[in-house]
Amino acid sequence: MSELRDLYQQVIIDHSKRPRNFGPLESANKNANGHNPLCGDKISVHVLTDGDKVKDIRFEGSGCAISTASASMMTEFVKGKSIGEVEKIFKNFHALVTAESGVDEETLGKLAVFSGVCEFPMRVKCATLAWHTLHGALEGGPEAVVSTE
Ligand code: ZN
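This section reports on the structure supplied with the text. The shown structure was predicted, so the numbers you read here are calculated from the model rather than taken from an experiment. (Residues numbered from 1 in each chain as written. Predicted model: local features only at pLDDT ≥ 70, side-chain atom pairs only at ≥ 80, totals over all residues. Heavy atoms only, no water.)

Counted under the stated rule, the structure contains 4 salt bridges. The partner of Asp56 in a salt bridge is Lys79, and the shortest N-O contact between them spans 3.2 Å. Placement of the pair is Asp56 in strand S3 (residues 53-62) and Lys79 in the loop between helix H2 (65-78) and helix H3 (83-97), with a sequence separation of 23 residues. Given a relative accessible area of 35%, Lys79 falls into the partly exposed group. Here Glu76 makes a salt bridge to Lys110, at a shortest N to O gap of 3.5 Å. Of the two residues, Glu76 is situated in helix H2 and Lys110 in the loop between H3 and helix H4 (121-140); the sequence distance between them amounts to 34 residues. Sharing partners across several salt bridges, the network here consists of Asp14, Arg18 and Arg20. (Salt bridge = Lys/Arg side-chain N within 4 Å of Asp/Glu carboxyl O. Helix = DSSP H or I, 4+ residues; strand = E, 2+ residues; numbered from the N terminus. Buried < 20%, exposed > 50% of the residue type's maximum accessible area, 1.4 Å probe, protein only.)

On to the pairing of S3. When strand S2 (residues 41-50) meets S3, the two strands line up antiparallel, connected through 9 bridges. Across the sheet, residue Leu48 finds its bridge partner in S3, namely Asp56. Between S2 and S3, which follow one another and run antiparallel, lie 2 residues, and Gly51 among them has a positive phi close to 65°. (Pairing = 2+ DSSP bridges.)

This part covers the pairing of S2. Most of S2 sits out of view: 8 of its 10 residues are buried. Hairpin geometry of strand S1 (residues 30-36) and S2 is characterised by an intervening segment of 4 residues between the two adjacent antiparallel strands and by a positive phi of about 95° at Gly40.

A separate point is H4. End to end, H4 covers 27 Å across 20 residues, agreeing with the expected 28 Å (1.5 Å per residue, within 8%). For H4, the full list of buried residues reads Val124, Cys126, Ala127, Thr128, Leu129, Ala130, Trp131, Thr133, Leu134, Gly136, Ala137 and Leu138. Looking at the buried positions of H4, the neighbouring elements they touch are S1, S2, S3, H2, H3 and strand S4 (144-147). (Expected span 1.5 Å × (residues − 1). Contact = heavy atoms within 4.5 Å.)

Pasting the structure below:
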């Protein structure tokens, strides 16, 4: 188990140091700004939807390693998925990091690396900030503002 945990940590560190899909997205039709005052994480999520599909997604901002890695992995994971699938993944991801029962791990794939976060309640908001922000963008339209508080 500790080897698995080391592997998980390496994945998170890699994504926090070299975030994927980082930067502006000029073609975006949905945007949201998320803020986690508890830690100081700030993330902007830019989404281009086509019908009910997430056609492209990028993010900007600054935050701790967990929030950056979570945003980076989220953008990789949801690209090409339908909005319905994204909401389902968000629900399962939230359940995973808060150690709720009934997590459907099959929907999460690589995102399972965040399972250790449930041992650190202070970090849950860091791990979920990008997801709350994406949710806000999908629901809120062109400019949504999301706070974890
Ligand atoms: Zn944080």
